[in-house]
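# Understanding the architecture of this molecule
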Amino acid sequence: MANNPYISVIVTAYNRKKYLLGAARSALNQTLPKDLYEVIVVKNFRDEAIDRKLEEWGVENLYSENVGIGPKVVDALTFARGNVVAFLEDDDEFLPEKLEKVLRIFSSRPEVGFYRNGLLVVDEHGKPIGRYRVRETVEADCSEWGPMRYMAAHGLLFNSSSVAIRRDILEDGSDILRKLDLTVDSYYPLRTLMSGYRALMDPSLLTAYRIHWGSATRYLGTFKSFRLHDVGISLRHFKDAKLILEAAKGSRCEPLARYVYALHAIGLMRAAGGLRIERELRGSLDLSLRDILKCSGVELLSLEPLELAGLAWCLVSLVLPGAIKSSIAYLVYVWNLRRRYNLVE
């Protein structure tokens, strides 16, 4: 174990064991000298084989009953000693040069508080099937809406496994972080910008992001079960987005927080389209036409001409009966998943 680590890697897991050791191993097999970083695993289960291996590797192994990702991260921060925290979800992996790049960025750029690298998308067996990244390095603070708009459209608010952030930012925002269930990846850059730091996105492919059905397969048995699961997840994200917006109100970063809110509010309405709860949900949303247009404008940045035609068809579908609208929403969900990660057969 490192005596004075510069980086703390926090690996989070909830109920899933299959990929955890692979994730921890990838964090340990780095080109960066081992005395410069530490690895902490925080999970809600105990497993004799996994725990024994983590101990053998010198990994800090924490048990947490918290369901939400935010509370687990706050628990791990109590034990973390690094100046910078890099996150890793249990089903993803770091590429070997990841932490070396993180150290280089944060040690040479004191004004940068948030770093996000590109994703190599892999299947459940680790075979590369796509990539997701910005075209070139881009950075901004809250006053630079142009580059911020581009960053938001190209993954700024997505996937914690590609993120590293200064520890003091997390500690300053731990009161909100502790309340967040799922949407921590949107809170990290926002909290960074609210703290006066810059956010930087790098096209380097340094994280393997795994696409697999895993625990989600049980929800895909029928169309109805998928819809109900989708609404449940969307509602959890929406509640987080409300907390994030409340934390940012009155700050320079409120426009970005309203974008996060609008993104998840629209996602919730898409998921609930045609269900009985749609009208009740719609009445509870603090969502203006301006929010919707701004959100749509950001999302349009990442669409190709053919996809714009698909978006137009989706708008037409809004006047169709609920069952047809629900079917279209499902198809668009699957289609957009393949588009976003450039998936190939």
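Residues numbered from 1 in each chain as written. Predicted model: local features only at pLDDT ≥ 70, side-chain atom pairs only at ≥ 80, totals over all residues. Heavy atoms only, no water.

### Details of the pattern of salt bridges
Note the following rule: Any carboxyl oxygen of Asp or Glu within 4 Å of a side-chain nitrogen of Lys or Arg constitutes a salt bridge here. Elements are defined by DSSP. Helices are runs of H or I of four residues or more, strands are runs of E of two residues or more, and each kind is numbered from the N terminus. A simple rule labels every residue: compare its accessible area, found with a 1.4 Å probe on the protein chains alone, to the largest value its type can have, and call it buried under 20%, exposed over 50%, or partly exposed in between.
In the structure shown here, the tally under the stated rule is 17 salt bridges. D91 serves as the salt-bridge partner of R16, at 3.3 Å between the closest nitrogen and oxygen. Placement of the pair is R16 in the loop between β1 (7-13) and α1 (20-28) and D91 in the loop between β4 (84-89) and β5 (93-94), with a sequence separation of 75 residues. Residue class for R16 comes out partly exposed when judged on its relative accessible area of 25%. Owing to a relative accessible area of 7%, D91 belongs among the buried residues under this scheme. Note that D181 is salt-bridged to R236, the shortest N-O span being 2.6 Å. With D181 in the loop between α7 (174-177) and α8 (184-194) and R236 in helix α9 (residues 223-248), this pair connects stretches of sequence that are 55 residues apart. Classification of R236 as partly exposed rests on a relative accessible area of 30%.

### Looking at empty space enclosed by the protein
As a reminder of what qualifies: Cavities and pockets are defined on a 1 Å grid built over the protein atoms alone: a cavity is a set of grid points where a 1.4 Å probe fits but cannot escape, while a pocket is an open set with protein on both sides within 12 Å along at least five of seven lines, and lining residues are those with an atom within 4 Å of any such point. Grid points are joined across faces, edges and corners, and a volume is the space filled by probe spheres set on the points. Residues are grouped as follows: Ala, Val, Leu, Ile, Met, Phe, Trp, Tyr, Cys and Pro are nonpolar; Asp, Glu, Lys and Arg are charged; all remaining types, including Gly, are polar.
Applying the stated criterion across every chain, the model contains 3 cavities of 30 Å³ or more. Of the pockets and cavities examined, the largest cavity occupies roughly 70 Å³. Lining the largest cavity are I10, T12, I69, V73, F87, L88, E89, S160, S161, V184 and Y188. Elements that contribute at least two residues to the lining of the largest cavity include exactly β1, α3 (69-77), β4 and α8. Sort the elements by how many residues they give to the lining of the largest cavity and β4 lands first, with 3 residues. The class makeup of the residues in the lining of the largest cavity is 7 nonpolar, 3 polar and 1 charged. Along the walls of the second largest cavity sit C142, W145, M148, L193, R252, C253, P255 and L256, which together make up its complete lining. Every element with two or more residues in the lining of the second largest cavity is listed here: α5 (145-153) and α10 (254-272). Taken together, the residues of the lining of the second largest cavity sort by class into 7 nonpolar, no polar and 1 charged.

### Comments concerning the packing of aromatic side chains
Condition: Each aromatic pair joins two rings of Phe, Tyr and Trp (for Trp, the six-membered one) with centres within 6.5 Å, and gets the label stacked for planes under 30 degrees apart, edge-to-face for over 60, and tilted for any other angle. We count a charge as sitting over a ring when the NZ of a lysine or the CZ of an arginine lies within 6 Å of the ring centre and within 35 degrees of the ring normal.
This model, assessed by the stated rule, comprises 4 aromatic pairs. Where Y132 meets F158, the ring centres are 5.8 Å apart and the plane angle is 70°; that geometry is what we call edge-to-face. Of this pair, Y132 sits in strand β7 (residues 128-132) while F158 sits in the loop between α5 and β9 (163-166), and the two are 26 residues apart along the sequence. Of the two residues, Y132 and F158, both sit in the buried class. Three or more aromatic residues joined by ring pairs form one cluster here, namely Y132, F158 and Y209. Directly above the ring of Y63 sits R46, whose terminal nitrogen or CZ lies 3.8 Å from the centroid.

### Describing the pairing of β4
As a reminder, the rule being used: Paired strands, as defined in this entry, are two strands with at least two bridges between them according to DSSP.
Of all 6 residues in β4, 5 are buried, a share of seventy percent or more. Examined bridge by bridge, β1 and β4 share 6 bridges and lie parallel to one another. Note that in β4 the partner of T12 across the bridge is E89.

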